[in-house]
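# A structural walkthrough
Take a look at the letters that make up each chain.
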Amino acid sequence: MQTGTDLKEKAEKAITKIAMYGEDFNLDEFEVGEKELPETENLEDLDSEFKQTLLNAGVLPDEEGRSGSFLMLDNTVSHSTMRDPDVELMSLHEAMEKHDWLEEYSWKLVSVDADKYTAKSYLENANGYFIRAPAGKKSSMPVQTCLVMGHKDVTQTVHNILIVEEDAELDVITGCTTKKGVERAMHLGISEIYVKKGGVLNFTMIHNWAEDIGVRPRTVIHLEEGATFVNNYILLKPVRSIQSYPTAILDGEGAFARFHTIAVAHPGSELDLGSRVLFNAPNTKAELVSRTITTGGTVIARGEMVANELHSKGHLECHGLVLNNEGTQRAIPILEANVDDVELTHEAAVGRIAKDQVEYLMARGLSEEESVGMIVRGFLDVGITGLPDELAADIDKTIAQIGKDAI
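Residues numbered from 1 in each chain as written. Predicted model: local features only at pLDDT ≥ 70, side-chain atom pairs only at ≥ 80, totals over all residues. Heavy atoms only, no water.

## Comments concerning unusual backbone geometry
Peptide bonds are mostly trans, and most non-glycine residues show a negative phi. Inclusion rule: We count a stretch as a helix when DSSP gives it H or I for four or more residues in a row; a strand needs E for two or more, and each element gets its number in order from the N terminus.
A positive phi is found at Trp-107, a non-glycine position, where the angle reads about 60°. Located in the positive-phi region is His-311, a residue other than glycine, with phi close to 60°. Following the sequence through the fold, His-311 ends up in the loop between strand S18 (298–307) and strand S19 (313–322).

## Looking at the pairing of strand S13 (residues 241–244)
Here is the rule we go by: Burial classes follow relative accessibility: with a 1.4 Å probe on protein chains only, a residue under 20% of its type's maximum area counts as buried, one over 50% as exposed, and anything between as partly exposed. Pairing between two strands is assigned when DSSP locates at least 2 bridges connecting them.
Across the two faces of S13 the burial is the same, with Ser-241 and Gln-243 and Ile-242 and Ser-244 all buried. Pairing of strand S11 (residues 212–223) with S13, which is carried by two bridges, proceeds in the parallel orientation. Bridged to Gly-214 within S13 is Ser-241. Direction of pairing for S13 relative to strand S16 (residues 270–279): parallel, over a ladder of four bridges.

## Side note on the sheet that holds strand S15 (residues 256–265)
Our working rule: With axes taken as lines fitted to C-alpha atoms, and helix axes fitted only over the stretch in contact, angles between N-to-C directions fall between 0 and 180 degrees. Between two residues, a contact is recorded if the distance between any of their heavy atoms is within 4.5 Å.
Read across the sheet, 10 strands follow the order S3-S2-S6-S8-S10-S12-S15-S17-S19-S21 without closing on themselves; strand pairing throughout is mixed. Of all strands in the sheet, those bounded by a partner on one side alone are strand S3 (76–82) and strand S21 (343–351). In this sheet, neighbouring strand axes are inclined to one another by 5° on average, regardless of whether the strands run parallel or antiparallel. Of the strand pairs in this sheet, strand S17 (residues 285–294) and S19 are connected by 10 bridges, and their pairing is parallel. If you follow Thr-292 over to S19, its bridge partner there is Gly-320. Those strands touched by helix H6 (residues 368–380) are S15, S17 and S19, and its axis lies near 155° from that of S17.

## A look at the UniProt feature "domain: SUF system FeS cluster assembly SufBD core" (unreviewed entry) in the protein
For the record, the criterion: UniProt positions are given in the numbering used here, feature names are shortened, and annotations may be inferred rather than shown by experiment.
Following the UniProt record, the feature "domain: SUF system FeS cluster assembly SufBD core" (unreviewed entry) maps to residues 152–379 here. Regarding residues 152–379, the helix share stands at 9% and the strand share at 61%, and the terminal C-alpha atoms are separated by 35 Å.

## Regarding the nonpolar core
Rules: To form a nonpolar core, buried Ala, Val, Leu, Ile, Met, Phe, Trp, Tyr and Cys residues must be joined to one another through side-chain atoms within 4.5 Å.
If you look at the biggest cluster of nonpolar residues, it comprises 56 residues, and the most contacted ones within it are Ile-131, Leu-170, Leu-201, Trp-209 and Leu-223. Once residues lying within four places of it in the same chain are set aside, the contact partners of Leu-223 are Val-195, Thr-228, Phe-229, Ala-248, Ile-249, Leu-250, Asp-251, Gly-252, Ala-255 and Phe-256. Core analysis: the next-biggest nonpolar cluster, separate from the first, contains 24 residues, Val-264, Val-289, Phe-379 and Ile-384 among them.

## What to know about the environment of Thr-204
One can find Thr-204 in strand S10 (residues 200–208). On the basis of relative accessibility, which here comes to 8%, the residue Thr-204 falls in the buried class. C-alpha separation for the pair Thr-204 and Ile-384, spaced 180 residues apart in sequence, amounts to 8.6 Å. When sequence neighbours within four positions are dropped, the list of residues in contact with Thr-204 reads Val-172, Ile-173, Thr-174, Asn-232 and Leu-387.

## Structural notes on the environment of Thr-345
Along the chain, the position of Thr-345 falls in strand S21. For Thr-345, a relative accessible area of 31% puts it in the partly exposed group. A sequence separation of 167 residues divides Thr-345 from Thr-178, and the C-alpha atoms of the two residues are 38 Å apart. Sequence-distant contacts of Thr-345, that is, excluding residues within four places in its chain, are made with Met-305, Gly-314, His-315, Leu-316 and Leu-335.

## Here's the deal with the packing of helix H5 (residues 355–362) against H6
Relative orientation and spacing of two packed helices are given, respectively, by the angle between their axes and the distance between those axes. Going by this rule: These descriptions rest on fixed angle ranges, namely under 35 degrees for roughly parallel, over 145 for roughly antiparallel, 65 to 115 for roughly perpendicular, and the rest for oblique. For any helix crossing, the convention is left-handed if the near helix is rotated counterclockwise from the far helix by under a right angle, and right-handed if that rotation is clockwise. Residue polarity is assigned by list, with Asp, Glu, Lys and Arg as charged and Ala, Val, Leu, Ile, Met, Phe, Trp, Tyr, Cys and Pro as nonpolar; anything else, Gly included, falls into the polar class.
Relative to each other, H5 and H6 sit at 120°, their axes nearing to 9 Å. Overall, the two elements H5 and H6 adopt an arrangement that is oblique. Along this stretch, H5 crosses H6, giving a crossing that reads as right-handed. Across the interface between the two elements, Gln-357, Val-358, Leu-361 and Met-362 of H5 pack against Glu-368, Ser-371, Val-372, Met-374 and Ile-375 of H6. Across the contact of H5 with H6, the residue classes tally to six nonpolar, two polar and one charged.

## Structural notes on the side chain of Ser-312
Worth spelling out the cut-off: Polar contacts, as counted here, are pairs of nitrogen or oxygen atoms within 3.5 Å of one another; within protein the pair requires one atom able to donate a hydrogen and one able to accept it, and residues that are adjacent in sequence qualify only if both atoms are side-chain atoms.
Inspection of the secondary structure puts Ser-312 in the loop between S18 and S19. Given the relative accessible area of 1%, Ser-312 is considered buried. A polar contact of 2.7 Å, which involves the side chain of Ser-312, links it to the backbone oxygen of Glu-309. Ser-312 has contacts with Phe-279, Ala-281, Thr-284, Ala-307, Asp-341, Val-342 and Glu-343, leaving out every residue within four places of it along the chain.

Here is the structure:
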């Protein structure tokens with residue numbers, strides 16, 4: 001068993017280790033925010049501009065229809081409330097003090113020496129949220145969390161642990177964003193997610209960053225027998241660089257994972273996105289669906305499925321649109337079978353909007369801009385539900401602008 005000293009030594013050796021893909025950042029150019037930030041007892045007491053920032057990231061300041069809320073500003077936990085007595089929500093540091101057994105879950109799925117970003121998070125003793133759905137409990141409303149960059153040139157280090165116990169069900173909506181005026185910063189987010197036997201976790205993440213933000217989430221999900229994990233990821237606004245490649249480990253028979261990704265790369269953005277599934281138990285299934293658009297930025301859409309046990313079944317669907325001559329789309333599907341009697345399939349396509357589709361809609365009374373917007377909206381629709389009205393309206397506004405810029 002590795003001790004804290006062992007992990008520290010591994011992290012220190014990896015602090016300069018460059019990630020395997022995407023743009024690299026010099027972490028020395030950013031400070032870890034240690035500013036004294038005020039706690040917020042009621043999200044409704046925030047100023048109107050900050051509340052709008054939360055709304056555009058899918059977080060409701062009035063907390064209507066939410067079982068609990070968690071807000072982290074830079075590296076300070078600013079707000080944490082829980083209405084549902086059947087769900088546990090608090091900062092990870094507080095949870096580690098409360099639960100001795102939580103040590104068995106910390107830094108077990110994500111390696112501290114995976115790269116310098118994980119190493120930095122470990123060495124800074126990153127805080128974040130802890131969410132636990134106890135065995136057999138089924139929350140009727142989602143938990144909402146929000147990670148906000150509040151100051152320029154700061155590195156936000158986050159470590160989250162989510163545990164859905166046997167036969168429990170939980171929905172989580174998390175928004176990651178920046179306050180107005182914060183144009184340059186780094187976000188390092190480590191998430192370790194455990195879904196136990198028969199558990200169900202629906203996890204929706206909305207990224208709404210600024211144009212010069214570097215984002216490095218590192219996420220691993222462990223699923224036991226009969227467990228279900230559904231992940232929705234939305235990124236429609238400009239950002240400098242994102243690497244996101246969550247891995248689901250299907251370790252129990254009958255486990256199921258689904259990943260939905262919708263993203264737009266604006267000029268100057270580099271998006272290296274994807275998901276990975278390891279089929280480590282028989283009769284496991286997975287679906288990976290990606291819809292990406294470039295309006296001038298670079299998109300690398302990855303998808304990987306590795307079948308290590310019999311009767312694994314997975315499908316990877318990766319579609320990309322290029323709306324002008326400045327953008328780049330790259331699809332990288334990977335299928336690997338290490339046993340027989342498995343079924344892994346993929347469908348990948350990149351290209352532009354078909355001219356005849358636009359002409360068909362225009363012939364029925366729509367303008368060219370409206371036609372392109374309708375096609376884009378349909379292209380990005382992968383069945384994500386339950387988004388707040390304000391976020392849905394912001395998404396529609398963004399799509400309309402994409403349609404306008406594409407003609």
